[in-house]
Every structure is written in C-alpha cells, then in structure tokens.
Amino acid sequence: MRLDQMIAEMSKALAEEGIDTARLDARLLACHGLGLSETDAILQFDRMLQTDEIALLDGLLKRRLTREPIAHILGYREFWGLPFRVTPDTLVPRPDSETLVAGVLDAVECKKAPLSIVDIGTGTGCLLLSLLSELPNAYGIGSDISPAALKVARRNAQDLALSQRSAFLCASYGDAFAGGMDILISNPPYLAADEMDDIEKDVAAYDPSNALVSGETGLEAYEALFSTIATWHEKPSIMAFEFGYRQADAVLAVARKSGLTAAIGDEGHILKDLGGQNRILLLLPSQN
C-alpha cells in the first residue's frame, strides 16, 4: 500500500468514528509512526509501505479510534508555537488558553523588564513557559499538586532552554506564596462534578480528573485561590485566570467577594477565546 492510500484509509476510519480532525490526525499519526516531517509525507506520497510499517500505523490508528488524544499518542502538543511534552499526568494544552498568554503580554508595558511570574496549577508549564519565551528577562515559578505533572513541566523547560529562568514546586493553589510577584496566572480546575458526563471522551477518559473537576459547583478552585490572594499584602500587578465559558459572572462574583476587583467591569477585562466565548478574567494594575 502506498503512503497516501494508507493516510486516506486512516482518515476514513477516523471520520466514521466521528472525529472532526480525521484528515489531520491521520497525517500526524503517519508522520509520527514513520518518522517523517509533513513535507516528507507530501514528497513521498507514493512510497510503498512495508508490512511492519502498515502494522505500526494500524496500531496507532486503533489507539486514536478509542479516542486517546492525539497529543498523548504523539507525546507532545504545540502551544503558542512551541512544542510541549504531554503525558496522562497533564492536561493537553488547548488553543483557547493562548488567550491568557496574549492578554498578559498585551498588559505588560515593557517586555524587557525583569518581571517575576507565578503560575498556579502549571501542568505542562505551557502558560508560564510561553510567557517566558516572550519576556526575555522574566523569571517564573510554576506550582502544581501533582509531582508527575511537575516532572513534565521541568522537562519542557529544559527542552525550551528555559530552565535557568524557571522553577517548579509542589503546592496547592497559592499556599506556597505570599505575594510580591509581578504577574500571577492560573488555569485551575473549573468543571463541576456533574459536568464530566457532558465533555468529550478524549478529555474525560484521558485528562487527569483532578485537573478538570473543581468540586460540586466548579467554583471551589477560584474560591480557594482568590481567598488566598486576598491575604497577600502586596498583590500582583497583573493577574489572569482561565474559566469555563459559562462562568464569567460567577467567577467575577467570587473575585469581588474576595475584594480583588473593586473597579472591574463585567466586560472590560473579560477576554474572549478563539471561538468568541468568555474565557479569561484579567485584572490590571489600576484595579489592585
């Protein structure tokens, strides 16, 4: 069988399973399994595959047909134009979270300033490390309750040559900090327990549940985080938090109750993601 025929058959099988990105996934799996770049796959479209190569690609296809995330199969996911290692111990970075990175960068007045950044619930480290890649003199600390996730984050920092400007520690929410950082970011768990039945199998069956589910209401992580920040004498100049697309009003209410948003407007500092959904709460210097 030729390479292009194999990719077409894989794509058809994935589409029949209802996977929207069938063609892309088939190409990525083929490139991964055969050690090819996407350009190589195009140039070698008529390459005849060996029996062992077909068997290898069939194995990868079967994994994807069970809805195992493509990032888990490949072992990485691109975020902010950078490759991040991904394991079952971490959330798969998602494009909507890039809104947080963009929002923070827009709020930073001097990109060359020696800023300090804290990322609570860092996971793969994608948010923190993406910011450090754009802020050449910044230093960051990422915290997470999962030692396994922190191991992945440290490896990503090494891969991106950012180890000298980053550190990672095991802690719950903001318990390890007392304020004083310039920028605070977080993408905490924000699903309510009963919402797990409604999310895609790719996520529900493979992403770590403690990184997805906050509790019965979905607001528990924000309540814990905001109440901790409220005790800090010196609060960050810029704070950015990701939330579920239906949670804007509720998260704002929690932030106001904690005294963090005295002057914030419901729309002015709520950033929308790529799909036009409310996604990020951004607190700027004038509100602290």
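All values derive from a computational prediction rather than experimental measurement.

Q: Which residues make up the packing of aromatic side chains, and what values do they have?
A: Under the counting rule described, the total for this entry stands at three aromatic pairs. For the ring pair Tyr222 and Phe226, a centre distance of 6.0 Å and an interplane angle of 45° mean the geometry is tilted. Of this pair, Tyr222 and Phe226 both sit in helix α10 (residues 220–230), separated by four residues, roughly a single helical turn. No difference in accessibility class separates Tyr222 from Phe226, as the two residues are buried.

Q: Please provide a residue-by-residue account of the pattern of salt bridges, values included.
A: Applying the stated criterion across every chain, the model contains twelve salt bridges. Notably, a salt bridge pairs Arg47 with Glu53, separated by 2.5 Å at the nearest N-O pair. A relative accessible area of 22% means that Arg47 is categorised as partly exposed. Arg155 serves as the salt-bridge partner of Asp159, at 3.8 Å between the closest nitrogen and oxygen. Residue Asp159 and its partner Arg155 are located together in helix α8 (residues 147–159), separated by four residues, close to a single helical turn. Each of Asp25, Arg64, Arg67 and Asp202 takes part in one network of salt bridges that share partners.

Q: Hey, could you go over the pairing of strand β11 (residues 278–283) for me, with residue numbers and the actual values?
A: In terms of residue burial, β11 counts as a mostly covered element, since six of its six residues are buried. Of the pairings in the sheet, the one linking strand β9 (residues 238–242) to β11 comprises four bridges and is antiparallel in character. Opposite Phe241, over in β11, you have Leu281 as the bridge partner. Inspection of the sheet shows strand β10 (residues 270–272) paired to β11 by three bridges, in the antiparallel sense. Bridged to Ile270 within β11 is Leu281. Here β10 hands over to β11 after five residues, with Gly276 in that stretch at a positive phi of 80°.

Q: Describe helix α4 (residues 51–65), naming the residues involved and giving the relevant values.
A: If you check α4, its first and last C-alpha atoms are 21 Å apart, about what 15 residues at 1.5 Å a residue would give, namely 21 Å. Within α4, the full set of buried residues consists of Glu53, Leu57, Leu60, Leu61 and Arg64. Buried residues in α4, looked at end-on, bunch into an arc of 105°, giving them a common side. For α4, exposure combined with an orientation more than 90 degrees from the buried face picks out Thr51, Asp52 and Lys62.

Q: Tell me about the side chain of Ser143, and name the residues and values.
A: Summarising the element assignment, Ser143 is placed in strand β4 (residues 139–144). If sequence neighbours within four positions are ignored, Ser143 has contacts with Asp119, Ile120, Gly121, Thr122, Leu150, Leu169, Ala171, Tyr173 and Phe177.

Q: Describe the sheet that holds β11, naming the residues involved and giving the relevant values.
A: The seven strands are arranged β5-β4-β3-β6-β9-β11-β10 in an open sheet whose pairing can be described as mixed. Strand pairing shows two members of the sheet lacking a second neighbour, β5 (166–170) and β10, which therefore form its edges. Averaged over all pairs of adjacent strands, the angle between their axes in this sheet comes to 20°, without regard to strand direction. The strands touched by α8 within the sheet are β4 and β5, with β5 carrying the most contacts at an inclination of about 175°.

Q: Hey, could you go over the pairing of strand β1 (residues 76–79) for me, with residue numbers and the actual values?
A: Here is the key point about a regular strand: its side chains alternate between the two faces of the sheet. As defined by bridge partners, β1 adjoins strand β2 (residues 82–85) across four bridges and the pair is classed as antiparallel. When the bridges of β2 are listed, Tyr76 appears paired with Arg85. Connecting β1 to the antiparallel partner β2 that follows it, the hairpin turn spans two residues, and Trp80 within it adopts a positive phi of roughly 55°.

Q: Give me the environment of Met48: which residues, what numbers.
A: Along the polypeptide, Met48 turns up in the loop between α3 (38–43) and α4. With 45 residues separating them in the primary sequence, Met48 and Leu3 have C-alpha atoms 6.3 Å apart. Residues within four places of Met48 in sequence aside, it is in contact with Met1, Arg2 and Glu53.

Reading the values: the criteria
- Residues numbered from 1 in each chain as written.
- Predicted model: local features only at pLDDT ≥ 70, side-chain atom pairs only at ≥ 80, totals over all residues.
- Heavy atoms only, no water.
- Phe/Tyr/Trp six-rings, centres within 6.5 Å; stacked < 30°, edge-to-face > 60°.
- Helix = DSSP H or I, 4+ residues; strand = E, 2+ residues; numbered from the N terminus.
- Buried < 20%, exposed > 50% of the residue type's maximum accessible area, 1.4 Å probe, protein only.
- Salt bridge = Lys/Arg side-chain N within 4 Å of Asp/Glu carboxyl O.
- Pairing = 2+ DSSP bridges.
- Expected span 1.5 Å × (residues − 1).
- Arc of directions from axis to C-beta.
- Contact = heavy atoms within 4.5 Å.
- Axes fitted to C-alpha atoms, helices over the stretch in contact; angles between N-to-C directions.

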